[in-house]
Amino acid sequence: MTGEQWKDEPEEQDFPAAESYLSLLVGPAAAARLASALREEKTVRHYAAKDILRAAGLPLLDRDDPEVAADLKKVTAGKKLSPVLLIHGIPLWVADGYHRICASYHLDEKGPVPCRITARAHGD
């Protein structure tokens, strides 16, 4: 998957989705802080899909997973995917974009996935 399949910026809907997921891990207040930090972070870093999955300890979803299949279909149709949102730590947290990472892996496991990433605060 080349850079041509990726948008330059996350979609607006990605941030509330990330906050919702993160609230399950760290509670609403800390999740809001992390989502705000992701929104403010403008640096985009690139990592291989296989490395993101490994650092997060997440399994690769099959091509026929409904969300992965939808993302693969978007790329096939020439539509761009949104960069993923990550939180540094052990394990790495995929705040938003797990299905996009899996779709990218199925297209090219070593291909660069654009990521916005921020650090956890102490206690998160």
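Check the entry above for the structure.
Since the model is a prediction, treat every value here as computed from it, not as a measurement.

A.B. asks: Looking at this structure, how should I read the pairing of strand β4 (residues 112–119)?
C.D. replies: Looking along a regular strand, one sees side chains alternate from face to face of the sheet. Most of β4 sits out of view: six of its eight residues are buried. Inspection of the sheet shows strand β2 (residues 84–88) paired to β4 by five bridges, in the parallel sense. Note on β4: the bridge partner recorded for L85 is R116.

A.B. asks: Looking at this structure, I do not really get the sheet that holds β2. What am I missing?
C.D. replies: The strand order across the open sheet formed by four strands is β1-β4-β2-β3, and the pairing between neighbours is mixed. The open sheet has two edge strands with one neighbour each: β1 (45–48) and β3 (93–96). In this sheet, adjacent strand axes meet at a mean angle of 45° when their direction is disregarded. In the sheet, β1 pairs with β4 via four bridges, with the strands oriented antiparallel. Looking at β4, one finds that R45 is bridged to C115. With respect to the sheet, helix α2 (residues 28–40) is in contact with β2, β3 and β4, its orientation differing from that of β4 by roughly 130°. Across the face of the sheet, helix α5 (residues 98–107) comes into contact with β2, β3 and β4 while running at roughly 105° to β3.

What counts, and where the lines are drawn
- Residues numbered from 1 in each chain as written.
- Predicted model: local features only at pLDDT ≥ 70, side-chain atom pairs only at ≥ 80, totals over all residues.
- Heavy atoms only, no water.
- Buried < 20%, exposed > 50% of the residue type's maximum accessible area, 1.4 Å probe, protein only.
- Helix = DSSP H or I, 4+ residues; strand = E, 2+ residues; numbered from the N terminus.
- Pairing = 2+ DSSP bridges.
- Axes fitted to C-alpha atoms, helices over the stretch in contact; angles between N-to-C directions.
- Contact = heavy atoms within 4.5 Å.

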